Amino acid sequence: RGCPSMMMMSMIGLALLALISAAYADTYRPIVLWHGMGDTCCYPFSMGKIEKLIQANLPGVYIHSIKVGETIADDEVNSYFMNVNEQVDLVCEMMKNDTNLSKGFNAIGFSQGGQFLRAYIERCNNPPVYNLLSVGGQHQGVFGLPRCMGANHSLCEVMRKLVNSGAYEEYVQDHVTQAEYWQDPLNMAEYLAKNVFLPDINNQLPNKNATYKANFESLNKLVLVLFTEDTMVQPRESEWFGFYTEGQDKAITNMRNSTLYLEDWIGLRTLDEAGKVTQLSCVGDHLQFSDEWFVEN
């Protein structure tokens, strides 16, 4: 299933037009892609297909599809079992060393790639990101084990068992990617004390990082895509910076009522009040959009 509404397609098309606007007189601004869990930079049926679709519609555009590791196999394994902080450090160096990106780029993150690219912006942003498109990213984390959708289900099942055994155990936090954006609304104290990634990039800790806020505020546009029938991300509202209200796991606090937004911990409110945040919904399950929808938009 894709996004069948023509009105919605038009809205998304207008929003995404900014992401592919000309950087210079006769060229497109480069694009960086970061894939999701269980995927790789280059599978022909996923990121490889996306890359070809973009290039077919933006002839000559430079695209860097992030690969974490020496091989495609490494990239897939690392999407489950490499510490996110180490991944972001590697990508910071990778972006800096790619001379094609020296004047900045637009970034598109799919699923967990959305919040990982946000971490790149907050922590490094050299070269700078001009626009960030997050497609199903879990910016407030998850509280629920994901289904296994990747090509290698055995890796996913190992990940699920480890997270289920104790998401905040030191070994799990150090080695299981998905545990590092696991936010338990029933035990926020443990989450803040032991989660090694998400509380930091969301500036939830007592000492707020002013650089994170300044870097995120430098975006020209932030586009957040939520999948209305998402059965992978719990809660799906995390794709729009919403999450379970603290102390229970039923009611949702939306982005504009969250403390992160109201106290402007990462600059999200500043961006929003400047008209730089667009929230879009796509009818369908997680990352389920058609080629036609992607090309149209």
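Above this text sits the structure in question.
The rules behind each value
- Residues numbered from 1 in each chain as written.
- Predicted model: local features only at pLDDT ≥ 70, side-chain atom pairs only at ≥ 80, totals over all residues.
- Heavy atoms only, no water.
- Helix = DSSP H or I, 4+ residues; strand = E, 2+ residues; numbered from the N terminus.
- Buried < 20%, exposed > 50% of the residue type's maximum accessible area, 1.4 Å probe, protein only.
- Contact = heavy atoms within 4.5 Å.
- Areas by Shrake-Rupley, 256 points an atom, 1.4 Å probe, with all protein chains shown as cover.
- Axes fitted to C-alpha atoms, helices over the stretch in contact; angles between N-to-C directions.
- Left-handed = near helix turned anticlockwise from the far one by under 90°.
- Polar contact = N/O pair within 3.5 Å; in protein donor to acceptor, adjacent residues only side chain to side chain.
- Salt bridge = Lys/Arg side-chain N within 4 Å of Asp/Glu carboxyl O.
- Disulfide = S-S within 2.5 Å.
- Phe/Tyr/Trp six-rings, centres within 6.5 Å; stacked < 30°, edge-to-face > 60°.
- Patch = residues over 30% accessible without salt bridge, like charges linked within 9 Å, V, L, I, M, F, W, Y side chains within 5 Å.
- Lys, Arg positive; Asp, Glu negative; His and termini not counted.
- Charge placed at Lys NZ, Arg CZ, Asp CG, Glu CD.
- Arc of directions from axis to C-beta.

(A) Region of interest: the overall build of the protein. Of regular secondary structure, the protein possesses 13 helices and eight strands. Counting over 297 residues, the protein shows a buried share of 54%. Nonlocal contacts in the protein, meaning residues at least 24 apart in sequence, comprise 70% of its contacts between residues at least 6 apart. Split by element, the accessible area of the protein, about 12,600 Å² in all, is 53% carbon and sulfur.

(B) Structural context of the packing of helix α4 (residues 84-97) against helix α5 (residues 112-123). Remark: α4 packs on α5, axes separated minimally by 10 Å, with the N-to-C direction vectors making an angle of 65°. For the pair α4 and α5, the sense of crossing is right-handed. Each of V84, N85, Q87, V88, V91, C92 and M95 in α4 lies in contact with α5, whose residues at this interface are F116, A119, Y120 and R123.

(C) Broad picture of the environment of E273. The residue E273 is located in helix α12 (residues 268-273) in this model. For E273, a relative accessible area of 57% gives the class exposed. Among the polar contacts made by the side chain of E273, one reaches the side chain of R269 at a distance of 2.8 Å.

(D) Region of interest: the pattern of salt bridges. The full count for this structure, using the stated rule, is eight salt bridges. In this structure, K194 engages E190 in a salt bridge whose closest nitrogen and oxygen atoms are separated by 3.4 Å. Highlighted residues: K194 and E190, both in helix α8 (residues 188-194), separated by four residues, approximately one helical turn. Looking at E190, the relative accessible area reads 26%, which means it is partly exposed. The shortest N-O distance in the salt bridge between E273 and R269 comes to 2.8 Å. Of this pair, E273 and R269 both sit in helix α12, four residues apart, which is roughly one turn of the helix. We classify R269 as partly exposed; its relative accessible area is 28%. Among the charged side chains, a network of salt bridges with common partners joins K213, E217 and D264.

(E) Here's a closer look at the state of the cysteines. Tallying each qualifying case throughout the model produces two disulfides. For C41, the disulfide goes to C42, at an S-S distance of 2.1 Å. Torsion about the S-S bond of the C41 and C42 cystine: about -95°, corresponding to left-handed handedness. Given a relative accessible area of 38%, C42 falls into the partly exposed group. A sulfur-sulfur separation of 1.8 Å characterises the disulfide bridge that pairs C92 with C124. Of note, the bridge from C92 to C124 carries an S-S torsion of about 85° and is right-handed in sense. You can see C92 sitting in helix α4 and its partner C124 sitting in the loop between α5 and β4 (129-135), a full 32 residues away along the chain. Classification of C124 as partly exposed rests on a relative accessible area of 27%.

(F) Summary view of the packing of aromatic side chains. Per the counting criterion, the structure on display carries 10 aromatic pairs. On the numbers, 6.3 Å between centres and 65° between planes, the contact of F116 with Y181 is edge-to-face. You can see F116 sitting in helix α5 and its partner Y181 sitting in the loop between α7 (170-175) and α8, a full 65 residues away along the chain. Side by side, F116 and Y181 carry an identical accessibility label, which is buried. Ring centres of F116 and F197 lie 5.9 Å apart, and the angle between their planes is 85°; on these two criteria the pair is classed as edge-to-face.

(G) Spotlight on the environment of E237. Examined against the element boundaries, E237 turns out to sit in the loop between β5 (221-227) and β6 (243-244). A sequence separation of 101 residues divides E237 from G136, and the C-alpha atoms of the two residues are 9.5 Å apart. When sequence neighbours within four positions are dropped, the list of residues in contact with E237 reads L226, G242 and I252.

(H) Spatial organisation of a negative patch on the surface. A cluster of acidic side chains, namely E86, D89, E170 and D174, defines a negative patch on the protein surface. Sorting the residues of the negative patch by element identifies α4 and α7 as the ones contributing at least two each.

(I) Seen up close, helix α10 (residues 210-217). For α10, every residue scored as buried is listed here: Y212, N215 and F216. For α10, the buried positions fall inside an angular range of 95° around the axis, keeping them on one side. Contact partners of the buried residues in α10: α5, α9 (198-201), β5 and α12.

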